[in-house]
Amino acid sequence: MGVDVSVILPTYNRVKFLKRSLDSVFLQKGASFEVIVVDDGSDDGSMEFIKLNYPDVICLWQKNKGVSSARNLGIQHAKGKWLAFIDSDDEWLDGKLNAQLQHFKANPGSQVNQTNEIWYREGQRVNQRKHQLKKSGDLFGQSLKTCAISPSTVMIHRAIIDDVGGFDEGFLVCEDYELWLRITAMYEVGLVIPAYSQRFSGHGDQLSESVEVLDLFRIHALLKLLKKDYFNKLQREQAVQMLNLKAKIYLSGAEKRGKLVEVESLNLLLKTI
């Protein structure tokens, strides 16, 4: 008997968080699913811990190549019609997978949806700002500004990945920003209103906290997709406008920090658009 959903969990030296994440996945009811953990070269005993405590998990291991490569490897081995992702330091609430599947059933034209999420920082719940709240429909404009979708909240039909491609392994951070742009340029996104995902931050080893200026990677994502002529005319106009705005802010800061070589290099790239 097949599975409805393939749950993909990439991890790298996160053994201390794996129990929380995996327990929250196996609490899910009302959906048939498989769990694929991709260990991106951990040396903290993550694989041994999973094999000992979660015998039903499909364990994959690779040399350290980054989260994009790890997620793509999970996708390659996935057997489900639907793909769901959970970061190794996040947690789901019971009913997430079933609620998303029921949303697809009620909206047969939809192929991607997300749930709301609860944020915690250093153990304390924090309120999201208005622009950070999850939305539905055409999210391309919002996705240009920042990530409008969180990996741990999303469920995607396998056909979308076949259509637009997986995560770009050249991006060590903002890899989700680049993928969401490709997806939202072509597909509307549904929203399951309840918060079924809990997102934890502030523990120091997150990729998003290891990079000085994330917008530089968003700039390179926009440059890449604009060069490939990926967007329609209106989307291209919006993307160029956002690129120029982000580049102006970033270049101003880089000049103040004395990063003149970086400034010259980025200016040359901007002239190619």
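In case you missed it, the structure is sitting above this.
For the structure given in this document, a descriptive report is provided here. (Residues numbered from 1 in each chain as written. Predicted model: local features only at pLDDT ≥ 70, side-chain atom pairs only at ≥ 80, totals over all residues. Heavy atoms only, no water.)

1. Topic: the overall build of the chain
Note the threshold: Here a helix means four or more residues in a row that DSSP labels H or I, a strand means two or more in a row labelled E, and each is numbered from the N terminus. Radius of gyration: C-alpha atoms only; globule rule: 2.2 Å multiplied by the number of residues to the exponent 0.38. Three labels apply to residues, based on accessible area from a 1.4 Å probe with only protein chains included: buried if under 20% of the type maximum, exposed if over 50%, partly exposed otherwise in between. Contact definition: two residues touch when any of their heavy atoms are within 4.5 Å.
Check the secondary structure of the chain and you find 10 helices and 9 strands. What you see for the chain is a C-alpha radius of gyration of 19 Å, in line with the 19 Å of a compact globule of 273 residues. Across its three principal directions, the C-alpha atoms of the chain cover 55 × 45 × 35 Å. In the chain, buried positions account for 52% of the 273 residues. Across the chain, the fraction of contacts at a sequence separation of at least 24, relative to all contacts at a separation of at least 6, is 75%.

2. Some points on the packing of aromatic side chains
Let me state the cut-off plainly: Pairing of aromatic rings covers Phe, Tyr and Trp, the last counted by its six-membered ring, and requires centre-to-centre distances within 6.5 Å; plane angles under 30 degrees mean stacked, over 60 mean edge-to-face, and any other angle means tilted.
Counted according to the given criterion, the structure contains 9 aromatic pairs. Here Phe-85 and Phe-167 contribute two aromatic rings whose centre-to-centre distance is 5.6 Å and whose plane-to-plane angle is 90 degrees, an arrangement assigned as edge-to-face. Of the two residues, Phe-85 sits in strand E4 (residues 82-85) while Phe-167 sits in the loop between helix H6 (158-164) and helix H7 (175-184), which places them 82 residues apart along the sequence. When sorted by exposure, Phe-85 lands in the same class as Phe-167, which is buried.

3. As for the packing of H7 against helix H8 (residues 214-227)
Each pair of packed helices gets described by two things: the angle between the helix axes and the distance between those axes. Threshold: Helix axes use the C-alpha atoms of the stretch in contact, all axes being lines fitted to C-alpha atoms, and the angles between their N-to-C directions lie in the range 0 to 180 degrees. Each crossing gets its hand from how the near helix is turned against the far one by less than a right angle, where anticlockwise is left-handed and clockwise is right-handed. Basically, the charged four are Asp, Glu, Lys and Arg, the nonpolar ten are Ala, Val, Leu, Ile, Met, Phe, Trp, Tyr, Cys and Pro, and anything else, Gly included, counts as polar.
Interaxial distance between H7 and H8 falls to 9 Å at its minimum, and their mutual angle equals 35 degrees. Seen along the crossing, H7 lies across H8 with a hand that is right-handed. In this structure, H7 uses Tyr-177, Glu-178, Leu-181 and Arg-182 to contact H8, whose residues at the interface are Arg-218, Ala-221, Leu-222, Lys-224 and Leu-225. Partitioning the contact of H7 with H8 into residue classes produces 5 nonpolar, no polar and 4 charged.

4. What to know about unusual backbone geometry
Of note in the backbone geometry, Glu-122 takes a positive phi value of approximately 55 degrees without being a glycine. Along the chain, Glu-122 turns up in the loop between strand E6 (112-121) and strand E7 (124-126). Using a relative accessible area of 61% as the deciding quantity, one classes Glu-122 as exposed. Its identity is not glycine, yet Cys-174 carries a phi of approximately 60 degrees, on the positive side. Counting through the fold element by element, Cys-174 comes out in the loop between H6 and H7. We classify Cys-174 as buried; its relative accessible area is 8%.

5. Thoughts on the environment of Gln-142
The residue Gln-142 is located in helix H5 (residues 140-145) in this model. Taking the C-alpha atoms as reference points, Gln-142 and Thr-184, separated by 42 residues in sequence, lie 9.5 Å from one another. The contact partners of Gln-142, leaving out residues within four places of it in the chain, are His-131, Leu-133, Lys-135 and Ala-148.

6. Remarks on the side chain of Asn-113
Rule in force here: Pairs of N or O atoms are called polar contacts if they sit within 3.5 Å, as long as, within protein, a hydrogen donor faces a hydrogen acceptor (for residues adjacent in sequence, only side-chain-to-side-chain pairs).
Examined against the element boundaries, Asn-113 turns out to sit in strand E6. Reaching out from Asn-113, the side chain makes a polar contact with the side chain of Gln-100 at a distance of 2.8 Å. Residues within four places of Asn-113 in sequence aside, it is in contact with Gln-100, His-103, Phe-104, Thr-153, Val-154, Met-155, Val-189, Gly-190, Leu-191 and Val-192.

7. Things to note about the nonpolar core
Rule in force here: In this text, buried Ala, Val, Leu, Ile, Met, Phe, Trp, Tyr and Cys residues form a nonpolar core when linked through side-chain atoms within 4.5 Å.
Judged by nonpolar contacts, the single largest core of 26 residues is most densely connected at Leu-222 and Leu-266. Of all the secondary structure elements, the ones that give two or more residues to this core are H5, H7, H8, helix H9 (233-256) and helix H10 (260-270). Ranked by size, the runner-up nonpolar core spans 25 residues in total, among them Ile-36, Val-38, Leu-60 and Ile-149.

8. Re the packing of H8 against H9
In the contact formed by H8 and H9, the axes pass within 10 Å of each other and the chain directions differ by 145 degrees. Between H8 and H9 the crossing geometry is left-handed. Across from Asp-215, Leu-216, Arg-218, Ile-219, Leu-222, Leu-223 and Leu-226 in H8, the residues of H9 making contact are Arg-236, Ala-239, Val-240, Met-242, Leu-243, Lys-246, Ala-247 and Tyr-250.

9. Overview of the pairing of E6
Where we set the bar: Should DSSP find at least two bridges between two strands, the strands are regarded as paired.
Within E6, 9 of the 10 residues are buried, which leaves it mostly tucked inside the rest of the structure. Relative to strand E8 (residues 154-157), E6 runs antiparallel, the two sharing 3 bridges. Residue pairing in the sheet places Asn-113 in a bridge with Met-155 of E8. Note: E6 against E7, 3 bridges, orientation antiparallel. Following the sheet pairing, Arg-121 is matched in E7 by Gln-124. With antiparallel pairing between neighbouring strands as the criterion, E6 and E7 make up a hairpin whose turn holds 2 residues, including Glu-122 at a positive phi of roughly 55 degrees.

Taken by themselves, the reported measurements are silent on function.
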